[in-house]
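# A look at the structure
If you want the building blocks of each chain, they are given just below.
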Amino acid sequence: MLQKILVPLDGSSFAEGAIETARLIASKHGATLMFVSVHEPAMEDPTKVVSGAPVPDPRLDRERHRALQEYVQRMAAAERQRSTFPVEAVFSDGDPATEIAALADRSGVGLIVMTTHGRGGLERLWLGSTADRLVRSVHVPVLLVKPQEQGAGPARLDRVVVALARRSEDERVLGALMDVTEPLRAIYHLIHVVVSRLPVPAVDLGVPPVPDELAALAAAGENEEVQLARQYLEGIAATLRERGLEATSEVLRDGSVARAITDYAARTGANLIALATRGLGPVQRFLVGSVADKVMRSAHTSVLVCPPGS
């Protein structure tokens, strides 16, 4: 069960678009809602200012600091007036992605909720590259919410595509997903993408044809992988059904895993995609160009990202 949900706010109505969704999830769990704003100090060393750029004004920077601090306190006070669960306001100075990731680690945060632009995932997120770096560095699930029309309420998260990889990270995807969506009585579409290994026709490459024996071996290996994936997905779907949830399973074949996931979500009318990132080290949590990265940048739905350690 979620105990604390973090919502980064930068003073814009765009970032505030995540609040209603975070509020809905917090109300289902009785979780604490934590509003966080981070003031990024202006560069104080004139020698580091790029040629032609305006020199930072310390007075204006202090005003920005005070205004943002007052803003997050005001947002939390307003939320306390309308909610029955605890609401906290946290303000700090520093690099926003670094500060928020550290705060999430030390404060027992179970979920971060942020708003994405409806036309392209991380390229339009709160403070741009800050959110990109945040997703790469945190150890808790991040719900990237597609913004709603003004006054339309929280984002719908009741038809979910769950991209499973038949690896250890599937467990954390399912755990985080149940925390967010099980109280909403969502429908789950479990999928696994088998990357086609069948030879491309020679006419497309301008090279001699692949021997029939190799094509047959590739087809046999792919078919076996499909069968194993079907059994795996159906086992998970059966477990969800035993909990009274609606779940389907399907194995897809495609040359691109990310494309298969986003196309399937569009085809089924899903409003949420859940998937894991793969850890490569303490800082860089997944490769640029990875499946998770491509899905987050191209999906037209909300995305739940589950990093290593979540």
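Below you will find a few notes about this structure. Since we're looking at a predicted model, the values are computed, not measured.

Across its full length, the protein chain holds ten helices and ten strands. Out of the 310 residues belonging to the protein chain, those deemed buried represent 45%. Summarising the internal contacts of the protein chain: among those between residues at least 6 apart in sequence, 78% fall at separations of at least 24. Counting every atom, the protein chain has about 15,300 Å² of accessible surface; 53% of that belongs to carbon and sulfur.

What holds strands together in a sheet is hydrogen bonding between their backbones, with the strands either parallel or antiparallel. Read from one edge of the open sheet, ten strands run 3-2-1-4-5-10-9-6-7-8, paired in mixed fashion. The open sheet has two free edges, formed respectively by strand 3 (87-93) and strand 8 (246-254), since each of these has just one partner strand. Neighbouring strand axes in the sheet, compared pairwise and without regard to direction, differ in orientation by 20° on average. Sheet topology places strand 1 (residues 4-8) next to strand 4 (residues 111-115); two bridges connect them, and they run parallel. In the sheet register, Leu-6 faces strand 4, and the bridge partner there is Ile-112. Helix 2 (residues 19-29) rests against strand 1, strand 2 (32-39), strand 4 and strand 5 (142-145) of the sheet, and its axis sits at about 175° to strand 1.

Tallied over the full model, the rule gives eleven salt bridges. The salt bridge involving Arg-243 is made with Glu-182; its shortest N-O contact spans 2.5 Å. In this pair, Arg-243 is assigned in the loop between helix 8 (212-242) and strand 8 and Glu-182 in the loop between helix 6 (169-181) and strand 7 (187-195), connecting sequence segments 61 residues apart. Given the relative accessible area of 42%, Arg-243 is considered partly exposed. Put simply, Arg-136, Asp-293 and Arg-297 are held in one network by salt bridges that share partners.

What counts and how
- Residues numbered from 1 in each chain as written.
- Predicted model: local features only at pLDDT ≥ 70, side-chain atom pairs only at ≥ 80, totals over all residues.
- Heavy atoms only, no water.
- Helix = DSSP H or I, 4+ residues; strand = E, 2+ residues; numbered from the N terminus.
- Buried < 20%, exposed > 50% of the residue type's maximum accessible area, 1.4 Å probe, protein only.
- Contact = heavy atoms within 4.5 Å.
- Areas by Shrake-Rupley, 256 points an atom, 1.4 Å probe, with all protein chains shown as cover.
- Pairing = 2+ DSSP bridges.
- Axes fitted to C-alpha atoms, helices over the stretch in contact; angles between N-to-C directions.
- Salt bridge = Lys/Arg side-chain N within 4 Å of Asp/Glu carboxyl O.

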